[in-house]
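Observations on the model geometry
Letter by letter, the chains look like this.
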Amino acid sequence: MSFPVLENAAKTARHTTFFLSCGDAAATPIVFVHGWPELSVSWRGQLPVFGGLGFRAVAPDMRGYGRSSVYSRHEDYGLEAIVADMLELLGALGAERAIWVGHDWGAPVVWSIAQHHPERCHGVASLCVPYQPEGFAVETTVPLADRSVYPADKFPAAQWDYQLFYRENFPVAVESFESDVGAAVRALFRSGDPSKKGKPSPTAFVRANGGWFRGRSSAPDAPRDPVILSEDDEHRYVSALKRNGFFGPCSWYMNWKANLAYAERAKANWRLNMPVLFMHGAYDYVCETLVSRLAEPMRAYCSNLIEVTVPSGHWMAQETPVAVNAALAKWIGAQFPGLWAV
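Figured I'd write up the structure that's included with this text.

Reading guide: rules and limits
- One numbering rule holds for all chains: residues counted from 1, following each sequence as written.
- Since the coordinates come from a predicted model, pLDDT governs what is reported: local features require at least 70, and pairs of side-chain atoms require 80 or more to be given and counted, while whole-chain, interface and lining totals use all residues.
- With hydrogens and water excluded, all non-hydrogen atoms of the structure serve as input to the side-chain values.
- Secondary structure elements follow DSSP: runs of H or I no shorter than four residues count as helices, runs of E no shorter than two count as strands, and numbering proceeds from the N terminus.
- Every radius of gyration here is taken over C-alpha atoms, with the globule rule written as 2.2 Å times N^0.38, N being the number of residues.
- For each residue, the accessible area found with a 1.4 Å probe, counting protein chains only, is set against the maximum for its type, and the residue is called buried under 20%, exposed over 50%, and partly exposed in between.
- Any pair of residues with heavy atoms lying within 4.5 Å of one another is described as a contacting pair.
- For the area figures, the Shrake-Rupley method with a 1.4 Å probe applies, and any residue is considered shielded solely by the protein chains shown.
- His residues and chain termini do not enter the charge count, which takes Lys and Arg as positive and Asp and Glu as negative.
- To locate a charge, take atom NZ for lysine, CZ for arginine, CG for aspartate or CD for glutamate.
- Criterion used throughout: strands pair if DSSP finds at least two bridges between them.
- Orientation is described by axes fitted as lines to C-alpha atoms, over the contacting stretch for helices, and by angles from 0 to 180 degrees between their N-to-C directions.
- The salt bridge criterion pairs a side-chain nitrogen of Lys or Arg with a carboxyl oxygen of Asp or Glu, the two atoms within 4 Å.
- Look down the strands so they point away from you; if going from the first strand over the helix to the second traces a clockwise path, that crossover is right-handed.
- Orientation is classified from the angle alone, with under 35 degrees giving roughly parallel, over 145 giving roughly antiparallel, 65 to 115 giving roughly perpendicular, and any other angle giving oblique.
- All residues other than Ala, Val, Leu, Ile, Met, Phe, Trp, Tyr, Cys, Pro, Asp, Glu, Lys and Arg, Gly among them, are scored as polar; the first ten of these are nonpolar and the last four charged.

Section: the overall build of the chain
Scanning the chain from N- to C-terminus turns up twelve helices and eight strands. Its C-alpha atoms give the chain a radius of gyration of 19 Å, within 12% of the compact-globule value 20 Å for 342 residues. Split into buried and exposed, the 342 residues of the chain put 59% on the buried side. Summarising the internal contacts of the chain: among those between residues at least 6 apart in sequence, 77% fall at separations of at least 24. Summing over all exposed atoms, the chain offers an accessible surface of approximately 13400 Å²; the carbon and sulfur share of this is 53%. Put simply, the chain has 31 plus and 34 minus side-chain charges, and the middle of one group is 1 Å from the middle of the other.

In structure tokens form, the structure reads like this:
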């Protein structure tokens, strides 16, 4: 039996979350959480698969994105508020617990749910961004950098330099994306390139270059990468980002102090005993986890961890959906045999 992908909204007095869903409404939820600067449709390759496998597959537009609520202050985009959004969504689904799957900034969201609300989790899966129990910020990731690729004298912040650019030049960063949203989307959503392995990521040069695009006021025009985006996908991203702008999405980077304090409050729960799946991107050179020490805290603090390497760049769920779906299905089948609605 096949299920349609449906549009829904979970509304409370504090927030509205738009979400896509596929599958039996009474089935166990598997919630797919996107990152920067994506949308619920980033999980278009997963929703019908896991809906068809007997789950209620759900993908929200996160706050600041798409048809969910948008806010005008940086502090409205801290992880504590975002986790509250996700718990309200889970309530709207009529479920106590879910399998949570996060990518990019969606990964710190699901890791935070696991820390603060383990009772709301069957398990957690993350694409590209490993668990940092102390919180995901430059302060915690830079000490784990591969200094053979990023010598400290030349790259003090390693590949995380771009995050400091947001802190120091937020309006410039936002303007560089908003001045030509279509070009920005085409420039950002690129498939992995094996030939760049072992070389510094462009994100390590953002401050030195005066911006994301080598000091240009907008992204250089480039053809769409059809491995990642169809023409319709590109139009969805561009339309949503033009409508809402980049202030909200980029503000996720502006809450490092609050996010670190939020993680500190969960220190008693830093060790995760639930099933955890982590997918390394073989050609993801920002979240490089195969050579650097970035995944070490996750290995130290996750008691039931499975790791899989996927031959993709950063946009893993869109670039290699079959490999991602296979890894998720194998993990779910092994760890949660009682959750399948079959």
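Remarks on the sheet that holds strand 7 (residues 272-281)
Taken in spatial order, the eight strands line up as 1-2-4-3-5-6-7-8 in an open sheet, and their pairing is mixed. The strands lining the two open edges of the sheet, one partner per strand, are strand 1 (6-11) and strand 8 (302-310). On average, adjacent strands in this sheet sit at an angle of 25 degrees to one another, irrespective of strand direction. Note: strand 1 against strand 2 (residues 16-22), six bridges, orientation antiparallel. In the strand pairing of strand 2, Leu6 is matched with Ser21.

Some points on the environment of Trp160
Looking at the secondary structure, you find Trp160 in the loop between helix 4 (138-141) and helix 5 (161-178). Along the chain, Trp160 and Pro202 lie 42 residues apart, while their C-alpha atoms are 10.0 Å from each other. Discounting chain neighbours no more than four positions away, the residues touching Trp160 are Phe136, Val138, Thr141, Val142, Val286, Cys287 and Leu294.

Focus on the pattern of salt bridges
Counted under the stated rule, the structure contains 17 salt bridges. Notably, a salt bridge pairs Glu168 with Arg207, separated by 3.0 Å at the nearest N-O pair. Taken together, the residues Glu168 in helix 5 and Arg207 in the loop between helix 6 (181-188) and helix 7 (231-244) connect sequence positions 39 residues apart. Given a relative accessible area of 28%, Arg207 falls into the partly exposed group. The residue Glu234 makes a salt bridge to Arg224 at a minimum N-O spacing of 3.5 Å.

Let's talk about the pairing of strand 6 (residues 121-127)
Of all seven residues in strand 6, seven are buried; the element is thus mostly enclosed. The sheet contact formed by strand 5 (residues 98-103) and strand 6 spans six bridges and is parallel. Bridging from a neighbouring strand, Trp100 pairs with Val124 of strand 6. Viewed along the sheet, the connection from strand 5 through helix 3 (residues 106-116) into strand 6 turns out right-handed. Sheet topology places strand 6 next to strand 7; four bridges connect them, and they run parallel. Bridging from a neighbouring strand, Ser126 pairs with Phe278 of strand 7.

Some details on the side chain of Gln132
Here Gln132 lies in the loop between strand 6 and helix 4. What makes Gln132 buried here is its relative accessible area of 8%.

Let's talk about the pairing of strand 4 (residues 56-60)
The buried fraction of strand 4 amounts to five of the five residues, a majority that puts the element mostly inside the structure. Along strand 4, one buried face is formed by Arg56, Val58 and Pro60 and the opposite face, lined by Ala57 and Ala59, is buried too. Relative to strand 4, strand 2 runs antiparallel, the two sharing four bridges. The residue bridging Ser21 from the neighbouring strand is Val58, located in strand 4. Where strand 3 (residues 29-33) meets strand 4, three bridges bridge the pair, whose relative direction is parallel. Counterpart to Pro29 in the pairing with strand 4 is Arg56. As for the winding sense of the linkage, the β-α-β connection from strand 3 through helix 1 (residues 47-52) to strand 4 is right-handed.

Notes on the packing of helix 3 against helix 9 (residues 256-265)
Look at helix 3 against helix 9: their axes get within 9 Å of each other, and the N-to-C directions meet at 30 degrees. The angle between helix 3 and helix 9 falls in the class roughly parallel. Seen from helix 3, the contacting residues are Ser112, Gln115 and His116; seen from helix 9, they are Tyr262, Ala263 and Arg265. A class-by-class count of the residues in the contact of helix 3 with helix 9 yields two nonpolar, three polar and one charged.

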